[in-house]
Amino acid sequence: MFKNYFTTALRNFWRNKTFSFINIVGLAIGISASLIIFLLVQYDFSFDKFEKDGSRIYRVVAEGSNKGGDWHNNCLSEPMGAAAKNEVTGLEIVAPFRTLGETRIAIPYPNPATPLVLRKQKDIVVADENYFNLIGYTWLAGSPATATRQPYQVVLTEKNARLYYGGLRTAEIIGKPIVFDDTIQCTITGIVKDLPGNTDFYFGTFLSRSTYYTARLKPEGFGRWGYTNSADQLFVKLLPNTKVASVNAQLTKILTSNEKPDPHEAATYKQSAGLQPLSDIHFNLDYGVFDDSRQAHKPTLYSLLAVAAFLLLLACINFINLTTAQASQRAKEIGIRKTMGSRRLQLMMQFLSETFVLTLLATLLSIILMPFLLKMFADFIPSDFHFNLLQPGIVIFLVALIGVVTILSGIYPALVLSGFNPILVLKNQAYSNTGKTRSAWLRKSLTVTQFVIAQVFIIATLLVAKQISYALSKDLGFKRDAIVYFRTNYRQPAEKKPVLLAKLKAIPGVTMASISSNPPSSNGTWTTTMIFNDGKKEIRENVQVKLGDTNYIRLYGLHLLAGAVAPYSDTTNSVVINETYLHILGYQDPGKVIGMQLKNNNDPHIVGVVSDFFPHSLREPIKPLMIANGSRNANGLSVSLQPHSADGANWTATLKGIEKAFHEVYPNDDFDYQFVDETVAKFYTAERNISRLLLWATGLTVFISCLGLLGLVIYITNQRTKEIGVRKVIGASVTQLILLLSRDFLKLIGLAILIALPIAWWGSNKWLENFAYKTTLSWWVFAAGGGFLLLIALLILCIRTLRAALANPVTALRSE
């Protein structure tokens, strides 16, 4: 029986090659897109599932609001770790740790005279035994109780142990030397297995926490309430049955008792500490992960799933439309089968088996296309993402997908076709007027649905492109072109930076150079609590800090509203504040705050006020900020280049000169520079990825929709061949025939555009809410989207209807 079903299905496909091709291609596109999206979504949702007690592991974070707006910190002041351990009940483990960032590692083994040198290692973390008790590594050598208890002890993951010591066995690596930044000599005291699966805990080298204090690696302000740095992380594990709300309240009490706002600000300044679940870290963009690690965005993942569902739905709609449209061609076959004794269930099984075979062929085609599609999307597929078709999850997904598509696409046509009355069929009356009307109404509804989806995608693509263009072209309040920024080794003597600065100024292609912590707009965030008291009120505020020498403001073209740049000093004693901070202090005239003092570690004076500029992306509002002197503590250099020549030779020569000067001062460090305008552009990588995905999704939805439209036009023109011939004989022009055949379809597309416009407007508004500064919803975006869809549909209609209208009417009349 089933063999007969499949044989009949293959014969029917061969008989209707055009429609079978349209269905297979449409379904293959939908299934390919769904498979890729499933793999990407599964990858992100699989992060940090290795920990059996993961539901009890949390990161301690802080959030609040003040006159500068809402803020979120994934870190707290370093003393919070000890305070939480001593004062908070319900905690099983308290594990503070600190990421070190790029560090130079030397392995003086087997020959100390020629050590293995690894520059800019990023997976180093300062931790103690609590970290290992929290995460639950499997120990291959050593133990968490002793491996990080003493200064100058280091634990490695299995991967890093192989990298550093080659083919040595685990036991042989214990006791071997390792040197950080040429000065901190340590010993390997433990080795742990790599964490299984995908994880944000990418660390591979663990330096004992006591080393951080002994080796004088601590930055200025470390260990003081009010000083926060995103490198400092605090994780806890709750005792079973501990209430999160109870721990949150205790943490908030500790925070507010040690970092008190001024009584005058109590109404506007709010802050609280709380617990962020381990499962939320990979997705919560407000808090970030560690350093600049990649994060996922749940709404984006859900949107991707919606895109996959829409593409599959479009392909299924094509199948339903084309199958029901051809129902009359199979009416006699159904009538004969019923007369010969076939039951309705058997006929339904036959038609569903045809759908199954077609879906199976489409799935095989989609699998063949997968490697090419993955290369196409390589720019925004994670580097450690691996595709294996034989993974159990992928096999289950494909089997489920084939089943779902078979049911969605096949059940309605099967019900319609199997429901024909055999007597009416054999009298050529298979389709009653009611049946024709019901089937035509469904096809029209599904066609409108297809083009509504396509229209929404087109408008969304245009809007995202418009927002990206707005962000990249907006005046950010500072100069960003032709400026190179690079960092120096902060563990090297501070006296080296002025030496390098002098060498840079002597390079012919350099117009200006400045020692600074980072450019005006960057990923790094350093905040500190500043207190202002003018005798009438006291204002306590979290302020972003940037360090810069006397050239910083001029080099970046910041607009000085009042005062002057901060004079040179090894310590921070003068600051220039931005307009936002000026207004928070209660002043509108920038000249009135010049000379006033702020309370902090160094009690600096305000010497200037600059216009607001954007320190981060346009998603975030501008917050209070100060540019402080004290460039001794700054580890970056900004270099302004002369205008770019036509062939770019002058920049090439200048950059080589800068690199040469760098290596003369820092011979053992790598020179790694970046252009500031490129750094700013990277803020919108997520939007660029969304734009590319939308572009592909839009192309696919339009393509699938037009495939379906083409199939219906072919069917309609075939059905109306005799009518077209008669109309030509009695004098109808080609233009009249094209209008006649296209009119109904254009009405449907026009209706789809009208339905899509309010949906697209609502969705666009919701997406733009993610940006503090955004483009406008221009009318031309909607007009261009509707016009593009209408133009594509007209081309499809004209190509087919023109062919039908130009056909010889004699041939048309003979066809019946």
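Residues numbered from 1 in each chain as written. Predicted model: local features only at pLDDT ≥ 70, side-chain atom pairs only at ≥ 80, totals over all residues. Heavy atoms only, no water.

Here the focus is the overall build of the protein. In terms of helices and strands, the protein carries 25 helices and 25 strands. Looking at the 816 residues of the protein, the share that counts as buried comes to 52%. By sequence separation, contacts in the protein at least 24 residues apart represent 80% of the contacts at least 6 residues apart. When the accessible surface of the protein is summed, it comes to about 36,800 Å², and 59% of that surface belongs to carbon and sulfur atoms. (Helix = DSSP H or I, 4+ residues; strand = E, 2+ residues; numbered from the N terminus. Buried < 20%, exposed > 50% of the residue type's maximum accessible area, 1.4 Å probe, protein only. Contact = heavy atoms within 4.5 Å. Areas by Shrake-Rupley, 256 points an atom, 1.4 Å probe, with all protein chains shown as cover.)

Within the structure shown, the criterion is met by 32 aromatic pairs. Taken together, a centroid distance of 4.0 Å and an interplanar angle of 5° make the contact between Phe38 and Phe397 stacked. In this pair, Phe38 sits in helix α2 (residues 17-45) while Phe397 sits in helix α13 (residues 392-418), placing the two residues 359 residues apart along the sequence. Residue classification places Phe397 among the buried residues on the basis of a relative accessible area of 17%. (Phe/Tyr/Trp six-rings, centres within 6.5 Å; stacked < 30°, edge-to-face > 60°.)

Moving on to the packing of helix α22 (residues 721-729) against helix α23 (residues 734-768). At a minimum axis separation of 11 Å, α22 and α23 run at an interaxial angle of 150°. Taken together, the axes of α22 and α23 are roughly antiparallel relative to one another. With respect to the hand of their crossing, α22 and α23 are arranged in right-handed fashion. Two secondary-structure elements touch here, α22 through Glu723, Ile724, Arg727 and Lys728 and α23 through Leu737, Leu740 and Leu741. In terms of residue class, the contact of α22 with α23 is built from four nonpolar, no polar and three charged. (Axes fitted to C-alpha atoms, helices over the stretch in contact; angles between N-to-C directions. Parallel < 35°, antiparallel > 145°, perpendicular 65-115°, else oblique. Left-handed = near helix turned anticlockwise from the far one by under 90°. Nonpolar A, V, L, I, M, F, W, Y, C, P; charged D, E, K, R; others polar.)

Attention now goes to the sheet that holds strand β24 (residues 636-641). Read across the open sheet, the four strands follow the order β16-β24-β15-β25; overall the sheet is antiparallel. With one partner strand each, in any of the chains shown, β16 (510-516) and β25 (673-675) form the two edges of the open sheet. Across the sheet, the mean angle separating the axes of adjacent strands is 20° when strand polarity is ignored. (Pairing = 2+ DSSP bridges.)

The residue Val155 is located in strand β8 (residues 153-157) in this model. When the C-alpha positions of Val155 and Ser143 are compared, they lie 9.7 Å apart, and in sequence the two are twelve residues distant. The contact partners of Val155, leaving out residues within four places of it in the chain, are Phe132, Trp139, Ala147, Thr148, Thr189, Gly190, Ile191, Val192, Gly204, Thr205 and Phe206.

Before going further, it helps to spend a moment on the nonpolar core. Soluble globular proteins: nonpolar side chains tend toward being buried together. Counting 75 residues, the largest nonpolar core has Phe478, Tyr556, Leu558, Phe613, Leu618, Ile627 and Leu709 as its most contacted members. Leave out the neighbours within four places in its chain, and Tyr556 touches Phe478, Lys479, Ile483, Tyr485, Pro519, Pro520, Ser638 and Val676. (Core = buried A, V, L, I, M, F, W, Y, C linked by side-chain atoms within 4.5 Å.)

The next thing to look at is α23. When the terminal C-alpha atoms of α23 are compared, their 47 Å separation across 35 residues agrees well with the 51 Å that a helix rising 1.5 Å per residue should span. Most pronounced at Ser742, the bend in α23 amounts to some 45°. (Expected span 1.5 Å × (residues − 1). Bend = angle between axes of the 7 residues up to and from the residue.)

For helix α24 (residues 779-806), built from 28 residues, the straight-helix expectation of 40 Å at 1.5 Å per residue is met to within 8% by its first-to-last C-alpha distance of 39 Å. When α24 is considered as a whole, its buried residues turn out to be Val781, Phe782, Gly785, Gly786, Leu789, Ala793, Ile796, Leu797, Arg800, Thr801, Ala804 and Ala805.

In this section: the side chain of Thr775. Structurally, Thr775 can be placed in the loop between α23 and α24. Among the polar contacts listed, one links the side chain of Thr775 to the side chain of Lys466, at a separation of 2.6 Å. Other than its neighbours up to four places away in sequence, Thr775 contacts Lys466, Gln467, Tyr470 and Leu768. (Polar contact = N/O pair within 3.5 Å; in protein donor to acceptor, adjacent residues only side chain to side chain.)

Most of β24 is tucked away, with six of its six residues classed as buried. Burial along β24 is two-sided: the residues Gly636, Ser638 and Ser640 and Leu637, Val639 and Leu641 are all buried. Here five bridges tie strand β15 (residues 483-487) to β24, and the two strands are oriented antiparallel to one another. By the bridge assignment, Arg487 is partnered in β24 with Gly636. Two elements, β16 and β24, share six bridges in a ladder whose sense is antiparallel.

Glancing now at the environment of Asn602. In this structure, Asn602 sits in the loop between β21 (598-599) and β22 (605-610). Note: C-alpha distance between Asn602 and Ser574 (28 residues apart in sequence) is 9.2 Å.

Here we take up the side chain of Thr406. You can see Thr406 is positioned in helix α13. Assessed through its relative accessible area of 7%, Thr406 is described here as buried. Among all residues touching Thr406, those that are not within four sequence positions of it are Leu352, Thr355, Phe356, Thr359 and Ile411.

All right, on to the packing of α23 against α24 then. With their axes 9 Å apart at the nearest point, α23 and α24 run at an angle of 160° to one another. Looking at the two axes, α23 sits roughly antiparallel to α24. Regarding α23 and α24, the two cross each other, and that crossing is right-handed. Among the residues making up the contact of α23 with α24, the classes are represented as 22 nonpolar, three polar and no charged.

Bringing the confidence of the model for the protein into the picture now. When pLDDT is averaged across the protein, the result is 81; 86% of the residues are at 70 or more. Confidence, read as mean pLDDT per element, is least for helix α14 (residues 422-426) in the protein (55) and greatest for β8 (95). Counting interchain partners and residues more than four positions distant, the pLDDT-below-50 stretch residues 430-437 has ten contacts. (pLDDT = per-residue confidence, 0-100.)

The subject of this paragraph is the environment of Phe397. For Phe397 and Ser34, which are 363 residues apart along the polypeptide, the C-alpha to C-alpha distance reads 9.8 Å. In this structure Phe397 touches Ser34, Leu35 and Phe38, once residues within four positions along its chain are discounted.

Attention shifts here to the pairing of β8. Taken across its five residues, β8 has five buried, putting it largely inside the fold. Taking every second residue as pointing to the same face, both faces of β8 are buried, with Gln153, Val155 and Thr157 on one and Val154 and Leu156 on the other. Here β8 pairs with strand β10 (residues 184-192) via five bridges, running parallel. Residue Gln153 lies in a different strand from β10, and its bridge partner there is Thr187.

Turning to unusual backbone geometry, a few remarks are in order. Here the amide bond leading from Tyr109 into Pro110 is cis, since omega sits at 5°, within 30 degrees of zero. Mapped onto the elements, Pro110 comes out in the loop between β4 (103-107) and β5 (116-121). Phi at Ala482 is positive, roughly 60°, even though this residue is not glycine. Mapped onto the fold, Ala482 is located in the loop between α15 (433-473) and β15.

The next point concerns a negative patch on the surface. On the surface, a cluster of negative charge is contributed by Glu63, Asp70, Asp286 and Glu620. As for its position among the elements, Glu63 is in strand β1 (residues 57-66). Residue Glu63 is classed as partly exposed on the basis of its relative accessible area of 36%. (Patch = residues over 30% accessible without salt bridge, like charges linked within 9 Å, V, L, I, M, F, W, Y side chains within 5 Å. Salt bridge = Lys/Arg side-chain N within 4 Å of Asp/Glu carboxyl O. Lys, Arg positive; Asp, Glu negative; His and termini not counted. Charge placed at Lys NZ, Arg CZ, Asp CG, Glu CD.)

Together, Phe356, Leu360, Leu361 and Leu364 make up a nonpolar patch on the protein surface, roughly 320 Å² of accessible area in all. Residue position: Leu364 is located in helix α12 (residues 344-376). Its relative accessible area of 48% is what places Leu364 among the partly exposed residues.

Scanning all chains against the criterion turns up twelve salt bridges. The partner of Arg56 in a salt bridge is Glu92, and the shortest N-O contact between them spans 3.0 Å. With Arg56 in the loop between α2 and β1 and Glu92 in strand β3 (residues 91-99), the pair connects residues that are 36 residues apart, well separated along the chain. Linked by salt bridges that have partners in common, Asp53, Arg56, Glu92 and Lys237 make up one network.

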